[in-house]
Amino acid sequence: MARVTHVRGAALASLACLVLAGQGCASSEDAIDAGLDADEPSSDAGLDTSSPADAGADVGSDVGSDVGSDAGPPPDRVVSACDEVVLPGGASGTIEVVGWPLLFATVRGEDLAFRAPAVARPTLLSIGSTVVLVQPRPETGFDIPGLAADCGTFRHGVASGDPRPDAVTLWTRWTAPDPSTEGELSWVLATDPALSDEVARGTARALPSADWTVHVEVGALAPATTYYFAFTDPDGERSVLGRTRTAPAAGVEHVRFAVASCSSLFSGYFSAYRRIAERDALDLVIHLGDYIYDFVDENERVRVPPGGEVEDLVDLASHRRRHALYLADPDLRAARAAHPWVMLWDNHDIETDLADYGGGVQAFREWNAIAAQAPGAEPDVLYHHLALGDLVDLYMVDMYVFQGRDTLPGGAPSALGTAQYEWLTTSLAASTARWRVIGMQKVFAEFGALSGWEDLPESRSQLVDFFQTQGVLDNVFLSGDSHFSIVEDVIDVDPERPYDPAVGVGAIGGELLPTSITRGNFDEQLGPGSERAIASLRDGFLRTYPHQVDLELTSHGYGIVDVTADRIVGEIWYSPILAPSDVETFGLAYAQRSGQNRWDRTRITTPTPGD
């Protein structure tokens, strides 16, 4: 049975050596993804640990709005995270607080009031001409830098997901006072951030059996509409504000979304998530897997506990603790609160070789805003379709869990399994949307050991042949897992079907892999002083795989996909990961025109209009 797990590590190093042909590279042993076995489980990540976080660690000179108190003029007020801040000079309505996503002050008599956000480093906020410095709380309860739980009993924030034209899934988790307590939470959804123009409200039970996570399915909503929401606990404590957006209906002319994958907390800071949170003009965020990581990579030890070890993910409890640890990161919480998410899991999120996935599937569903399954559906069925009006049919395709369960007509292992393949191809053939966007965990196009389909060539050929023979046009494939930036055409490797790499004629669509949020890239794998080797490696890839339009092998960040009827633009944005930063760089960007099924060969140098 062929199964794709880690395409990085030894495979990456050996392929690099092959392409460089003796120009010097790290040994495969040095490049292997090495997990560390912990003798004892880590503390209840998301609750208490024995030592405080290094909350202000490594704030570089590139930091913009988040700065220490010695940067610029002194602030008008200095407060601690989660403090109530009251400022004189009330005004009508709700006033946005600049410096943190989705933060608003409300009028209270003659004053403005808001709760300072839970930050992990000194953060400057401004309301008009008033500047407030928010300091992290001195005792955060975490021994990994850059972490701080959210305020009150909603320590893990809020989220929303799987937007439909008339519905969306809301999520939160309540921190119960003791392990046996159940709680009834109330929630409200409104069209304004003050939550005064209510659209829906209700209650939901936070139960120990679901780790006190709560999912609310809100229906009867208007399409393509932005809503705000919050939860309240039994004692009246309110969560942070969340924002979501329903999917558009027919007639939509523009859709815009972010794409992310491979977010190792231990490999770097989540500045890319913060940048996503700060963007207002997004319809959704697509995460293509490896949302959490099961171990610390030996050559990427940026944010690790003092002992350097984390617990193995072997059961439901350990998976729950890892999700809780991740949601102690304020930047990740901000991105989840700011936009609805659509998610896939991958090999670091769940382990297919453990019984019941070692609890990974249950924990993943509990801790993320994933819509309720249809009655009778198996828990490991996450593949699904979302319609973004008549502009985009989005297919989230799981090519990790179902590998090898079924065989193809010739006996080769199937990548998708029979049921998923039939669902996907039937839906694609019936699609009348202007574009089809197919998100999957692994690189689909031919790329040697760096393609997640390398060991499943018959399955890849079967799916490519479907697109060719059925005439399914205007396709964009989104992929994750391989950590670097790829813009490439998807082609049939059959020489009987010609492909012209100069212009891309013969492709069935374009593929975009918009790097990793933090997980290691070629520079981390090959080590310091490898710049020339990496440049040669890039050139070698482009020669060896002529369907590749462009590559970037060292930077980290996320993608923006901007869609209109006549084109899709894929952009990749880069953020530093070794220290918190407000800097981001516009990287690779290319367009696919309607009817072409391939990327233009001219790189775009100006971002699409957005935030």
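Now for a quick tour of the structure.

The rules we used
- Residues numbered from 1 in each chain as written.
- Predicted model: local features only at pLDDT ≥ 70, side-chain atom pairs only at ≥ 80, totals over all residues.
- Heavy atoms only, no water.
- Helix = DSSP H or I, 4+ residues; strand = E, 2+ residues; numbered from the N terminus.
- Buried < 20%, exposed > 50% of the residue type's maximum accessible area, 1.4 Å probe, protein only.
- Contact = heavy atoms within 4.5 Å.
- Areas by Shrake-Rupley, 256 points an atom, 1.4 Å probe, with all protein chains shown as cover.
- 1 Å grid on protein atoms, 1.4 Å probe; cavity = no way out; pocket = protein on both sides within 12 Å on 5 of 7 lines; lining within 4 Å.
- Points joined across faces, edges and corners; volume = space filled by probe spheres on them.
- Nonpolar A, V, L, I, M, F, W, Y, C, P; charged D, E, K, R; others polar.
- Disulfide = S-S within 2.5 Å.
- Axes fitted to C-alpha atoms, helices over the stretch in contact; angles between N-to-C directions.
- Parallel < 35°, antiparallel > 145°, perpendicular 65-115°, else oblique.
- Left-handed = near helix turned anticlockwise from the far one by under 90°.
- Pairing = 2+ DSSP bridges.
- Phe/Tyr/Trp six-rings, centres within 6.5 Å; stacked < 30°, edge-to-face > 60°.
- Lys NZ or Arg CZ within 6 Å of the ring centre and 35° of its normal.
- Lys, Arg positive; Asp, Glu negative; His and termini not counted.
- Salt bridge = Lys/Arg side-chain N within 4 Å of Asp/Glu carboxyl O.
- Polar contact = N/O pair within 3.5 Å; in protein donor to acceptor, adjacent residues only side chain to side chain.
- Expected span 1.5 Å × (residues − 1).
- Arc of directions from axis to C-beta.

A short note on the overall build of the protein chain
Part 1 of the argument: From N to C terminus, the protein chain includes ten helices and 27 strands.
Part 2 of the argument: Among the 611 residues that make up the protein chain, the fraction classed as buried is 60%.
Part 3 of the argument: For the protein chain, restricting intrachain contacts to residue pairs at least 6 apart in sequence, the fraction spanning at least 24 positions comes to 72%.
Part 4 of the argument: Total accessible area on the protein chain is roughly 22000 Å²; 50% of this is exposed by carbon and sulfur atoms.

Here we look at the layout of surface pockets
Part 1 of the argument: The space that makes up the largest pocket amounts to roughly 720 Å³.
Part 2 of the argument: Looking at the largest pocket, it is lined by 32 residues, and the ones nearest its centre are Leu103, Arg115, Ser239, Val240 and Leu241.
Part 3 of the argument: Secondary structure elements with two or more residues in the lining of the largest pocket: β4 (104-108), β5 (111-115) and α5 (330-338).
Part 4 of the argument: Sort the elements by how many residues they give to the lining of the largest pocket and α5 lands first, with five residues.
Part 5 of the argument: Each residue belonging to the lining of the largest pocket can be placed in one class, and the counts come to 22 nonpolar, four polar and six charged.

Thoughts on the state of the cysteines
Part 1 of the argument: Tallied over the entire structure, the rule returns one disulfide.
Part 2 of the argument: Note on cysteine connectivity: Cys82 is disulfide-linked to Cys151, with sulfurs 2.0 Å apart. Taking the sign of the torsion about the S-S bond as the criterion, the disulfide between Cys82 and Cys151, at about -90°, is left-handed. With Cys82 in the loop between β1 (77-80) and β2 (84-88) and Cys151 in the loop between β7 (130-135) and β8 (158-164), this pair connects stretches of sequence that are 69 residues apart. Cys151 matches Cys82 in its accessibility class, with the two residues each being buried.

Digging into the packing of helix α3 (residues 271-278) against α5
Part 1 of the argument: Running from N to C, α3 and α5 point in directions that differ by 30°, and their axes come no closer than 8 Å. With respect to their mutual orientation, α3 and α5 come out roughly parallel. Relative to α5, the crossing made by α3 is left-handed. Facing α3, whose interface residues are Ser271, Tyr273, Arg274, Ile276 and Ala277, α5 presents Asp331, Leu332, Ala334, Ala335 and Ala338.

Here's the deal with the pairing of β4
Note on strand geometry: in a regular strand, side chains alternate between the two faces of the sheet.
Part 1 of the argument: Note that strand β3 (residues 94-96) and β4 share three bridges and pair antiparallel. By the bridge assignment, Thr94 is partnered in β4 with Thr106.
Part 2 of the argument: Strand direction decides the pairing type here: β4 and β5, joined by three bridges, are antiparallel. Paired with Thr106 across the two strands is Ala113, which belongs to β5.
Part 3 of the argument: Here β4 folds back onto β5, and the loop between the two strands holds two residues, one of which, Gly109, carries a positive phi near 65°.

Some thoughts on the packing of aromatic side chains
Part 1 of the argument: Summed over the entire model, instances satisfying the criterion amount to 22 aromatic pairs.
Part 2 of the argument: Here the aromatic rings of Phe447 and Tyr545 are separated by 5.1 Å at their centres, their planes lie at 80°, and the arrangement is edge-to-face. Within this pair, whereas Phe447 is found in the loop between β20 (435-440) and α8 (457-470), its partner Tyr545 is found in the loop between α10 (531-544) and β24 (548-552), the two being separated by 98 residues in sequence. Across the pair, exposure class does not vary: Phe447 and Tyr545 are buried alike.
Part 3 of the argument: For the pair Trp573 and Phe586, a centre-to-centre distance of 5.0 Å together with 55° between the ring planes defines the contact as tilted. Placement of Trp573 in strand β26 (residues 567-574) and of Phe586 in strand β27 (residues 585-593) is noted, with a sequence separation of 13 residues between them. Here Trp573 matches Phe586 in class, with each residue buried.
Part 4 of the argument: Through a chain of ring-to-ring contacts, the aromatic side chains of Phe270, Tyr273, Tyr291, Tyr326, Trp341, Trp345 and Phe364 assemble into a single cluster.
Part 5 of the argument: Between the NZ or CZ atom of Arg303 and the centre of the ring of Phe270, over which it lies, the distance is 5.3 Å.

Overview of the side chain of Arg436
Part 1 of the argument: Position of Arg436 relative to the elements: it lies in strand β20.
Part 2 of the argument: One buried charge, Arg436, has no salt-bridge partner; the nearest side chain with opposite charge is Asp474, at 4.7 Å.
Part 3 of the argument: A polar atom in the side chain of Arg436 sits 3.5 Å from the backbone oxygen of Arg434.
Part 4 of the argument: Reaching out from Arg436, the side chain makes a polar contact with the backbone oxygen of Leu473 at a distance of 2.9 Å.
Part 5 of the argument: Among residues more than four places away in sequence, those in contact with Arg436 are Asp393, Tyr395, Leu428, Ser431, Val472, Leu473, Asp474, Asn475 and Val476.

Concerning the pairing of β7
Part 1 of the argument: Where β1 and β7 come together, four bridges link them in parallel fashion. For Val79, the partnering residue across the bridge sits in β7 and is Val134.
Part 2 of the argument: Bridging between strand β6 (residues 123-127) and β7 involves five bridges; their strand directions are antiparallel. Across the sheet, Leu124 pairs through a bridge with Leu133, a residue of β7.
Part 3 of the argument: Between β6 and the antiparallel strand that follows it, β7, lie two residues; Gly128 among them carries a positive phi value of about 65°.

Quick look at the sheet that holds strand β14 (residues 242-245)
Backbone hydrogen bonds are what pair the strands of a sheet, in a parallel or an antiparallel way.
Part 1 of the argument: The strand order β11-β10-β13-β14 describes an open sheet built from four strands, whose pairing is antiparallel. Strand pairing shows two members of the sheet lacking a second neighbour, β11 (198-206) and β14, which therefore form its edges. Neighbour-to-neighbour, the strand axes of this sheet turn through a mean angle of 25°, independent of strand direction.
Part 2 of the argument: Bridge count between strand β10 (residues 183-190) and strand β13 (residues 226-232): five bridges; the pairing is antiparallel. If you follow Ala190 over to β13, its bridge partner there is Tyr228.

Here we look at the sheet that holds β6
Part 1 of the argument: Taken in spatial order, the three strands line up as β1-β7-β6 in an open sheet, and their pairing is mixed. Every interior strand has two partners, whereas the edge strands, β1 and β6, have only one. The average angle at which neighbouring strand axes cross in this sheet is 30°, direction not considered.

Some points on the environment of Val437
Part 1 of the argument: One can find Val437 in strand β20.
Part 2 of the argument: Given a relative accessible area of 1%, Val437 falls into the buried group.
Part 3 of the argument: Leave out the neighbours within four places in its chain, and Val437 touches Phe257, Val392, Asp393, Leu394, Tyr395, Val476, Leu478 and Ile568.

Focus on helix α7 (residues 418-430)
Part 1 of the argument: The first and last C-alpha atoms of α7 sit 18 Å apart over 13 residues, in line with the 18 Å expected at 1.5 Å per residue.
Part 2 of the argument: For α7, every residue scored as buried is listed here: Gln420, Tyr421, Leu424, Thr425, Ser427 and Leu428. Buried positions in α7, seen along its axis, are confined to an arc of 165° and lie on one side of it. Exposed side of α7, more than 90 degrees from the buried face: Ala419, Thr426, Ala429 and Ala430 are the residues found there.

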